[in-house]
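Residues per chain are reported as follows:
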Amino acid sequence: MNAEVTQLRRRAQEEASRLPALLARAEQLAGTVLLGEHGRRRAGLGDDFWQYRPLQVGDSYRQIDWRRSARGDDQYVREREWQIAQSVQIWVDQGASMRFSDDKNSPSKADRARLTAVACAILLLRGGERVGLTGWSLPPQRGERQIARLAEALSHDGDSDYAPPEARGMLPHAKAIFVSDFLGDLAPIEAALTKAADRGVRGVLLQILTSSEEAFPFRGRTIFESVGKSVTHETLKASDLRDRYLTRLAERKARLADLCRLTGWQYQCHHTNQSAQSALLWLYRALDGEHG
């Protein structure tokens, strides 16, 4: 029993230590987009005053509130509250397969997925959206505190190799973000997207793979083992598997893209050797309907 308690305490400490770092990195990543984007540009659809904010690059001078700006040296924009705030629900795969990375110097799929999801949540929350998780553990809410809740909830690792999408608790006509390597059974993915579409939920499906999973650079004797160690395969000629592997991967990606087209979702494949900013920009713009 003492050994189990010690192990649980160690895991809790490891997860707690990751949380501040994840939040700080997500804030930094979101900041790079905030500097280059101009928000969701839908904060002004309501009639109620929301906030003053400093004039930013890209703002029109017609947006300046001259009375507020006259109080000091800076110019301010008067924003109105978007009264029809969108609810966005997030699911990030916490299965063991997501902990794979190409090497110790490369980010794992889980790290990239969590970082991108939390950074996107920061942008959405600060744009006036309500953000939460799929399921019932963390319903969509507004506010800065929700960022910490999301980061904490997404910092835990699952035990199974592949985690099925959580499609329960999807709010009618909400938007959704699913982030995973999507290398497990396709049936739960199909069921989740179909259920979401039936409730009028539209969203984005971001597949995250490492460069080695995409290119299959293996040669000679190789032992393939799942992160959760439930599957092991040894071969003397890994190169003989390459063509079959690449064909099956291409078929899977095509199937995911077809599922998204059929259900009104959008699909993108991101690799961990690409910049996290590229994944975040795609997610943010896709949710805003800028991608077809």
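Report follows, based on the coordinates. Everything quoted here is computed from the prediction, not taken from an experiment. (Residues numbered from 1 in each chain as written. Predicted model: local features only at pLDDT ≥ 70, side-chain atom pairs only at ≥ 80, totals over all residues. Heavy atoms only, no water.)

## With respect to the overall build of the protein chain
Convention followed: Helix and strand definitions follow DSSP, with helices as H or I runs of at least four residues and strands as E runs of at least two, each counted in order from the N terminus. Classification of residues uses two cut-offs on accessible area relative to the type maximum, computed with a 1.4 Å probe and protein chains only: under 20% is buried, over 50% is exposed, and between them is partly exposed. By the convention used here, residues are in contact when the closest approach between their heavy atoms is within 4.5 Å. Throughout, the Shrake-Rupley method with a 1.4 Å probe supplies accessible areas, and for residues the shown protein chains are the sole cover considered.
Helix and strand counts for the protein chain come out as 8 helices and 9 strands. Relative to its full complement of 292 residues, the protein chain shows a buried share of 44%. The long-range share in the protein chain, meaning contacts at least 24 apart out of those at least 6 apart in sequence, stands at 72%. Accessible surface, the protein chain: about 15,700 Å² in total, of which carbon and sulfur atoms supply 50%.

## So, unusual backbone geometry
Backbone geometry follows two general trends: most residues other than glycine have a negative phi, and most peptide bonds adopt the trans configuration. One non-glycine residue with positive phi stands out, namely Phe-182, at about 50°. Locating Phe-182 in the fold gives a position in the loop between strand E5 (175-180) and helix H5 (186-198). Overall, Phe-182 belongs to the buried group, its relative accessible area being 1%. Here the phi dihedral of Phe-216 falls at roughly 50°; this positive angle occurs in a residue that is not glycine. With respect to the element layout, Phe-216 can be found in the loop between helix H6 (211-215) and strand E7 (222-225).

## What to know about the pairing of strand E6 (residues 202-209)
For the record, the criterion: Strand pairing is assigned whenever DSSP detects at least two bridges linking the two strands. A crossover counts as right-handed when, viewed with the strands pointing away from the observer, the path leading from the first strand over the helix to the second turns clockwise.
The buried count for E6 comes to 7 of 8 residues, which makes it a mostly enclosed element. Relative to E6, E5 is paired through 6 bridges, and the arrangement is parallel. For Val-179, the partnering residue across the bridge sits in E6 and is Leu-206. Note on the crossover from E5 through H5 to E6: the handedness is right-handed. Relative to strand E9 (residues 266-271), E6 is paired through 6 bridges, and the arrangement is parallel. Following the sheet pairing, Leu-209 is matched in E9 by His-271.

## A short note on the nonpolar core
This is how it is decided: The nonpolar core is taken to be a set of buried Ala, Val, Leu, Ile, Met, Phe, Trp, Tyr and Cys residues, with the residues joined through side-chain atoms within 4.5 Å.
Counting residues in each nonpolar core, the largest one holds 43 residues, and the members touching the most others are Ile-90, Val-118, Leu-124, Val-131 and Ile-177. Those elements that place two or more of their residues in this core are helix H1 (2-36), strand E3 (87-92), helix H3 (109-126), strand E4 (130-133), helix H4 (145-153), E5, E6 and helix H8 (276-287). Looking at this core, the element that brings in the most residues is H3, giving 12 residues. In terms of nonpolar packing, the next biggest core, distinct from the first, is built from 22 residues, Ala-167, Phe-178, Ile-189 and Cys-260 among them.

## Description of the packing of H3 against H4
Just so we agree on the cut-off: Note on method: axes are straight lines fitted to C-alpha atoms, helices fitted across the in-contact stretch only, with angles between N-to-C directions ranging 0 to 180 degrees. By the definition adopted for this analysis, an angle is roughly parallel if under 35 degrees, roughly antiparallel if over 145, roughly perpendicular if from 65 to 115, and oblique otherwise. It is the rotation of the near helix from the far one that decides the hand of a crossing: anticlockwise by less than a right angle makes it left-handed, clockwise makes it right-handed. Any residue that is not Ala, Val, Leu, Ile, Met, Phe, Trp, Tyr, Cys, Pro, Asp, Glu, Lys or Arg is counted as polar, Gly included; the first ten are nonpolar and the last four charged.
Two numbers describe how H3 lies on H4: the axes approach to 10 Å, and their chain directions differ by 160°. Classified by the interaxial angle, the pair formed by H3 and H4 is roughly antiparallel. With respect to the hand of their crossing, H3 and H4 are arranged in right-handed fashion. In this structure, H3 contributes Val-118, Ala-121, Ile-122, Leu-125 and Arg-126 to the contact, and H4 contributes Gln-146, Ile-147, Leu-150 and Ala-151. Class assignment of the residues belonging to the contact of H3 with H4 gives a composition of 7 nonpolar, 1 polar and 1 charged.

## Considerations on the packing of aromatic side chains
What counts, and what does not: Two aromatic rings, drawn from Phe, Tyr or Trp (for Trp, its six-membered ring), form a pair once their centres lie within 6.5 Å of each other, and the interplanar angle then sorts them: stacked below 30 degrees, edge-to-face above 60, tilted otherwise. Charge-over-ring placement is defined geometrically: NZ (Lys) or CZ (Arg) within 6 Å of the ring centre, and within 35 degrees of the ring normal.
Taken as a whole and judged by the stated rule, the model has 5 aromatic pairs. An angle of 75° between the planes, with centres 5.6 Å apart, marks the rings of Trp-91 and Phe-178 as edge-to-face. Within this pair, whereas Trp-91 is found in strand E3, its partner Phe-178 is found in strand E5, the two being separated by 87 residues in sequence. The pair formed by Trp-91 and Phe-178 is uniform in burial state, with each residue classed as buried. One aromatic cluster in this structure is built from Trp-91, Phe-178, Phe-182 and Trp-265. Across from the ring centre of Tyr-76, 4.1 Å away, lies the NZ or CZ of Arg-68, which sits over that ring.

## Here's the deal with the side chain of Arg-112
Threshold: Counted charges follow a simple rule, with Lys and Arg positive, Asp and Glu negative, and His plus the chain ends left uncounted. Put simply, a salt bridge is a Lys or Arg side-chain nitrogen that is within 4 Å of an Asp or Glu carboxyl oxygen. Two N or O atoms count as a polar contact when they lie within 3.5 Å, although within protein this holds only if one can serve as hydrogen donor and the other as acceptor, and sequence-adjacent residues are included solely when both atoms are side-chain atoms.
Its place among the elements puts Arg-112 in helix H3. No salt bridge is formed by the buried Arg-112, whose closest oppositely charged neighbour, Asp-111, lies at an N-O distance of 5.4 Å. Among the polar contacts listed, one links the side chain of Arg-112 to the backbone oxygen of Gln-274, at a separation of 2.8 Å.

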